[in-house]
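Residue strings, one per chain:
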Amino acid sequence: WRSLLLRIGDKCAEYFGSTDHKEHIDVCYGHLSRELEYSEFLLQCAEQLPHKIPFYGVLIGLLNLDNEDFAGKVVETTQSNLQDALDCNRIRILMRFVTVLMCSKVILPGSLVETFETLLSSAATTVDEDVGNPAWQSRADFYVTCILSCLPWGGAELSEQVPDEIDRVMAGVQSYFSIRFESVEKDFLEDLWDRIQDLTNSGWKVESVPRPHLQFEAQLVVGKSHPVCCPEQPYGKEKHVADLKYPRRLRRLNIFPANKVEMQPIDRFVVEEYLLDVLLFFNGCRKECTTYLVGLPVSFRYEYLMAETIFSQLLLLPRAPFKPLYYTLVIIDLCKALPGAFPAVVAGAVRALFERISDMDMECRTRLILWFSHHLSNFQFFWPWEEWAHVRDLPKWAPERVFVQEVLEREVRLSYWEKIKQSIDNASSLEDLLPPRSVPCFKYEDKQEFSLELNSMVKGRKSAREISTWIEEKITPRHGALEVVIQTLLDIGSKSFTHLTTVLERYGQVIAGLCSDQEKQVMLIDEVSLFWKNSTQMTAVTIDRMMAYRLVSNLAIVAWIFSPANVSKFHLLDCPWEILTNAANKTYNRISDLRKEISSLKKSVTSAEAAKQEFEIAESKLEVVNGEPVQAEKPGRLKRLKAYAEKAKEELTSLSESLEAKEALLARALEENKVLFFSLYKNFANVLMERLPQVFMQIDQDDYKVGEQEQWCRSTLGYVRAFSRQYADEIWVHIDKLESEIFHPLFRRA
């Protein structure tokens, strides 16, 4: 019966290949009526297979005829889940489920309308400037979205059973739009409202929503309907927190022309909901996810909409709902599941996005590069590169040229140089955009004396102390100790990642001794970039490893990134931004790890104190026996509690010391983080102030539409926005000081 529940509505072996939905429901109901104690599994199916909610609603409606208490329990549990879900997108699914239960006569239509009106009232109050907090408009929009998104599933029944009440709700929604703050462009909610109005004008006809309850209407009409009420409303203050709690779908990502997505506007919304639901609930099961994505209960083709929806999630800002790798794997699996249709759709999406690459957000561009290179690596790196061969003749800073260059560089990382060169044989002019062969540039190939001696000492497994002593005795600063040592150690570690890690672990003290201040650390990073100038990957990996071993600080990395040589390449290469992102992530991850450790230690301290307290309470319990006070607790239990208390006392001292040490480390890490962001934004402000006043629509002599200086500013400002979005939580803490000390008015306006 579990399999029958999971596969209801599918053409599958469980139902002998039948596609008759009435037959599916009859068969499933026959089995489920004997398993009423498993209502939780039924609710779990409804929540995690939301595109099948209409079928589950009818099943519960039929079971309601036999056992009203069972249906009442389902409604009660759904009500409880709805309350728990109010701060997340889960409410969208549960509200749809409640609406479908109303269609199957399990829930009173009047109580559903009351729920809508309560949410609508809360939304209106939230955006009211006098009694609400307009900064929380995202919550208000979220509530209205939940109301409107239910109507394709139950609008027809509500307009038939409670026409006056649903008209009142629609009028309330219209009023809400008159008081909310509007965006410059039509946003997702306004677009959804237009679609719902079209739906009401067309008599609530939705082709993409199954309506199996109509086939059982004569039976369901005699069932008892149960009430449901709106959950309590939470309160809050800051807009940033509101946007995180109530994520807004600002607008759709329209990749293809409208004639490619041939369906009614409301059907487009419904299928989008189906696709998003499957992506949400099957994020850990890519094969199942693919199966459900290609088997939605609709009668028309939707490959183009499926591609748009997946790319909209992959490129969603400020961050994708799941790791980009998940969407990469889903797209790969869909190409294999629909070989005759989906690969061509994906290729069309790539071409359309490539045409808009100059206007694309920098973070989205980076995600697209990473996805596309990974995707091609799963299909023998095949792509009609001749279509993009023209980018070779564009200026070096042209976004289209940079995009192709970065995709080829990432492909080389995932394969090898010769393979990628072979893949672009049909566009040989693009060979100029290939990265150099990934070979180190060792300065002392001519066997410099000190380098040879150091090499033999390392291979002879001399200790770090011995090598440090040798450096002090043999190499004077005028001979370039830092240069010789770093170049030689990098050459020894160049054979593999393991060799590099081993060298840094074993001789990190030597490097730390030579690079004790930020200036020397910048020189160290410079030596790394010179040694690996033919490999951006190894440059990034080596600097990242050195930061992990605390051989270079994040401030040294920032200083190196903003050196004149790198600043001039901000619009030409992604490598500086990759290194900077790695440094910021590592700094932030240290803070996250420390916070987790402190939380765990605090729980352990609480447990130890509770054990001590339990023993003290037990020891103090007395009772009167024969007129004399005696111990109330049994000796055995008291002895056991005493042992626990003594052990807890010993642990408490150790835990308290560890907690104090971790809190000190956290305070230090937070201060490092603060200094990092101040340094980062100060450098951003300095380099931008030098160029922004000069840049107002320069036209290059080659007639390319954007001049180099303007493209540099666009790229750099794009990365400022990307960093600000990614680390908003950490930045908001210091925003007042940043505003007063660093953010120049011209910088803010840009």
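Please refer to the structure higher up on the page.
Scope of this entry: the structure provided in the associated data block. Nothing here was measured: the structure is a model prediction, and the numbers come from that model. (Residues numbered from 1 in each chain as written. Predicted model: local features only at pLDDT ≥ 70, side-chain atom pairs only at ≥ 80, totals over all residues. Heavy atoms only, no water.)

1. Here's the deal with the pattern of salt bridges
Note on pairing: side chains with opposite charge can pair once their charged atoms come close. Enumeration over the complete set of coordinates arrives at 38 salt bridges. Arginine 180 is the salt-bridge partner of glutamate 190, the closest N and O atoms lying 3.8 Å from each other. Residue glutamate 190 is found in helix α10 (residues 188-201), and its partner arginine 180 is found in the loop between α9 (163-179) and α10; the two are separated by ten residues along the sequence. With respect to burial, glutamate 190 and arginine 180 carry one shared label: buried. Between lysine 586 and aspartate 544 there is a salt bridge; the shortest N-O distance is 3.6 Å. Of this pair, lysine 586 sits in helix α29 (residues 575-620) while aspartate 544 sits in helix α26 (residues 536-548), placing them 42 residues apart in sequence. Because the salt bridges share partners, they merge into one network encompassing Arg92, Arg96, Glu273 and Asp277. (Salt bridge = Lys/Arg side-chain N within 4 Å of Asp/Glu carboxyl O. Helix = DSSP H or I, 4+ residues; strand = E, 2+ residues; numbered from the N terminus. Buried < 20%, exposed > 50% of the residue type's maximum accessible area, 1.4 Å probe, protein only.)

2. Thoughts on unusual backbone geometry
Excluding glycine, residues mostly have negative phi values, and the peptide bonds linking residues are mostly trans. Omega for the peptide link from leucine 317 to proline 318 comes to 5°, which places this bond in the cis form. In this model, phenylalanine 381 sits at a positive phi of 55°, which is unusual for a non-glycine residue. The residue phenylalanine 381 is located in the loop between α18 (362-377) and α19 (399-414) in this model. Since its relative accessible area comes to 6%, phenylalanine 381 is described here as buried. The phi dihedral of arginine 550 is positive, around 60°, even though this residue is not glycine. With respect to the helices, strands and loops of the structure, arginine 550 is situated in the loop between α26 and α27 (554-561).

3. Description of a nonpolar patch on the surface
Residues Leu65, Val221 and Val222 make up a contiguous nonpolar surface patch of roughly 260 Å² in combined accessible area. Note that leucine 65 resides in helix α4 (residues 53-66). The exposure class of leucine 65 is partly exposed, given its relative accessible area of 31%. (Patch = residues over 30% accessible without salt bridge, like charges linked within 9 Å, V, L, I, M, F, W, Y side chains within 5 Å. Areas by Shrake-Rupley, 256 points an atom, 1.4 Å probe, with all protein chains shown as cover.)

4. Notes on the environment of serine 563
Tracing the chain through its elements places serine 563 in the loop between α27 and α28 (564-567). Residues serine 563 and valine 687 lie 124 residues apart in sequence; the distance between their C-alpha atoms is 10.0 Å. Reaching out from serine 563, the side chain makes a polar contact with the backbone oxygen of tryptophan 560 at a distance of 2.7 Å. (Polar contact = N/O pair within 3.5 Å; in protein donor to acceptor, adjacent residues only side chain to side chain.)

5. Concerning the side chain of lysine 52
Its location among the elements puts lysine 52 in the loop between α3 (39-48) and α4. When its relative accessible area of 2% is taken as the criterion, lysine 52 is described as buried. If we skip the residues at most four places from it in the chain, lysine 52 touches Leu6, Arg7, Ile8, Asp10 and Tyr292. (Contact = heavy atoms within 4.5 Å.)

6. Things to note about the nonpolar core
Residues Phe311, Phe372, Trp385, Phe403 and Val404 are the most contacted members of the largest nonpolar core, which totals 144 residues. Considering each element in turn, this core owes the most residues, twelve residues, to helix α8 (residues 137-161). Split by domain, this core shows at least three residues from each of two domains, domain 1 (1-245) and domain 2 (258-430). The residues contacting phenylalanine 372, other than those within four sequence positions of it, are Val350, Trp383, Trp385, Trp388, Phe403 and Val407. Residues Val458, Met546, Leu676 and Trp712 belong to the second largest nonpolar core, which totals 76 residues. (Core = buried A, V, L, I, M, F, W, Y, C linked by side-chain atoms within 4.5 Å. Domains from an automatic or database assignment.)

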